[in-house]
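Topology and contacts: notes
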Amino acid sequence: MDSIVIRGGNRLNGSIPVSGAKNSAIKLMAASILTPEPLRLTNMPRLADTRFLGALLRQFGISVTESDGADGQQTVFDAKELTSNFAPYDLVRQMRASFNVLGPLLARTGHAKVSLPGGCTIGARPVDLHLMALSAMGAVIELEEGYVTAQAPKGLRGAEIEFPFVSVGATEHALLAAVMANGTTVLKRAAKEPEIGDLARCLISMGAKIDGLDTDELVITGVSS
């Protein structure tokens, strides 16, 4: 088997640039779906997961442009016009977090069809809390042949959502949808991991109003209010 041999005894020195956290970056990438204005993310990690999600965003007609800048590697996402709201299994299966495009697509276009992360085996990749939150905001959800079809032709509406237990993914997904809902959404028993704060601050910079950061109760005033 492969091995790494380390011989000590030498003084360590130097500096290494550290890129942004993947867990934050991929959710900020999903936020680009919400706006027709370009979203620029700096200090981006260049990893398989960000490449996979970039490919999925291009599936929706979003321009993804990578470059090097003063703030490290950066990517500009331009979702001026969405040409599709369908996320096929072959792309979603490569990274479970890709499922979180459902909420933003639904919030912006009123309908979306996204593969379950595990295809037809919903029990292997539970997303029930994600769907519960979207349903509470007025989405009509149907599950068929491994796909989730969600509709909200008149837009999502604010709701009070209390998660039965803390879920980072469900909290992020609810945030991504609630910022475009009509009215106020309250997320109780919300996750408080660093990536939640990163996503919330990005959404705030995009025009959303979110209160309760660093607590387990987030209050989101939708931009459609």
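Residues numbered from 1 in each chain as written. Predicted model: local features only at pLDDT ≥ 70, side-chain atom pairs only at ≥ 80, totals over all residues. Heavy atoms only, no water.

**A word on the pattern of salt bridges**
Operational definition: What counts as a salt bridge is simple: a side-chain nitrogen of Lys or Arg found within 4 Å of a carboxyl oxygen of Asp or Glu. Classification of residues uses two cut-offs on accessible area relative to the type maximum, computed with a 1.4 Å probe and protein chains only: under 20% is buried, over 50% is exposed, and between them is partly exposed.
Counted by the stated rule, this structure contains 7 salt bridges. Across the pair Asp90 and Arg93 runs a salt bridge, and its minimum N-O distance is 3.9 Å. The exposure class of Asp90 is exposed, given its relative accessible area of 52%. The exposure class of Arg93 is partly exposed, given its relative accessible area of 46%.

**Considering the packing of aromatic side chains**
Condition: Pairs were defined over the aromatic rings of Phe, Tyr and Trp, the Trp ring being its six-membered one, requiring ring centres within 6.5 Å. Orientation was assigned from the angle between planes: stacked under 30 degrees, edge-to-face over 60, tilted for the rest. Secondary structure elements are defined from DSSP: runs of H or I of at least 4 residues count as helices, runs of E of at least 2 residues count as strands, and each element is numbered from the N terminus. Remark: a charge is flagged as sitting over a ring if the NZ atom of Lys or the CZ atom of Arg is within 6 Å of the ring centre and within 35 degrees of the ring normal.
As enumerated under the stated definition, the model contains 1 aromatic pair in all. Look at Phe86 and Tyr147: their rings are 5.6 Å apart centre to centre, the planes differ by 25°, and that puts the pair in the stacked class. Here Phe86, found in strand S4 (residues 86–87), pairs with Tyr147, found in strand S7 (residues 147–151); they are 61 residues apart in sequence, far enough to count as distant. Among the residues examined, Tyr147 registers a relative accessible area of 18% and is labelled buried. Its guanidinium or amino end placed over the ring of Tyr147, Lys113 lies 5.3 Å from that ring's centre, counting from NZ or CZ.

**Here we look at helix H7 (residues 194–205)**
Definition in use: Each helix should span, by expectation, one fewer than its residue count multiplied by 1.5 Å. Note on contacts: a residue pair qualifies if any of its non-hydrogen atoms lie within 4.5 Å across the two residues.
Taking 1.5 Å of rise per residue, 12 residues should cover 16 Å, and H7 covers 17 Å from first to last C-alpha, within 8% of that figure. Of all the residues in H7, the buried ones are Glu195, Ile196, Gly197, Leu199, Ala200, Cys202 and Leu203. Among the structural elements, helix H1 (22–31), strand S1 (39–41), helix H6 (168–178), strand S10 (209–211) and strand S11 (217–221) are those in contact with the buried residues of H7. Two residues or fewer after H7 comes Gly207, characterised by a positive phi angle close to 115°.

**Let's talk about the sheet that holds S11**
As a general point, the strands of a sheet are linked pairwise by backbone hydrogen bonds and lie either parallel or antiparallel. Stated precisely, the cut-off is as follows: Strands pair, by our definition, only if DSSP identifies at least two bridges between them. Axis angles are defined between N-to-C directions and span 0 to 180 degrees, where every axis is a line fitted to C-alpha atoms and, for a helix, only to the segment in contact.
Taken in spatial order, the 4 strands make up an open sheet running S8-S9-S11-S10, and their pairing is mixed. The outermost strands of the open sheet, each flanked by one partner alone, are strand S8 (160–162) and S10. Neighbouring strand axes in the sheet, compared pairwise and without regard to direction, differ in orientation by 15° on average. Here strand S9 (residues 184–188) pairs with S11 via 5 bridges, running antiparallel.

**Looking at unusual backbone geometry**
In this structure, Arg189 takes a positive phi of about 60° despite not being glycine. Tracing the sequence through the fold places Arg189 in the loop between S9 and H7.

**Brief notes about H6**
This is how the line gets drawn: Counting of polar contacts relies on pairs of N or O atoms within 3.5 Å, with two restrictions inside protein: one atom must be capable of donating a hydrogen and the other of accepting it, and residues adjacent in sequence are counted only when both atoms are side-chain atoms.
When you tally the buried positions in H6, you get 10 out of 11 residues, the bulk of the element. Those residues of H6 lying buried are Gly169, Ala170, Thr171, Glu172, His173, Ala174, Leu175, Leu176, Ala177 and Ala178. Of the residues flanking the start of H6, the one acting as N-cap is Ser167, its side-chain oxygen 3.1 Å from the backbone nitrogen of Ala170.

**Here we look at the nonpolar core**
Spelled out, the test is: The criterion is simple. A nonpolar core is a set of buried Ala, Val, Leu, Ile, Met, Phe, Trp, Tyr and Cys residues joined through side-chain atoms within 4.5 Å.
Judged by nonpolar contacts, the single largest core of 67 residues is most densely connected at Phe60 and Leu203. Ignoring any residue separated from it by four or fewer positions in sequence, one finds Phe60 in contact with Ile33, Glu81, Leu82, Thr83, Ser84, Asn85, Phe86, Ala87, Val101 and Leu105.

**Observations regarding the pairing of strand S3 (residues 72–78)**
In the case of a regular strand, side chains alternate between the two sheet surfaces. Where S1 meets S3, 3 bridges bridge the pair, whose relative direction is antiparallel. Counted as the bridge partner of Leu39 is Phe77 from S3. Pairing of strand S2 (residues 63–69) with S3 involves 7 bridges; the strand directions are antiparallel. The residue of S3 that forms the bridge with Thr65 is Val76.

Such coordinate-based values are descriptive only and should not be taken to indicate function.
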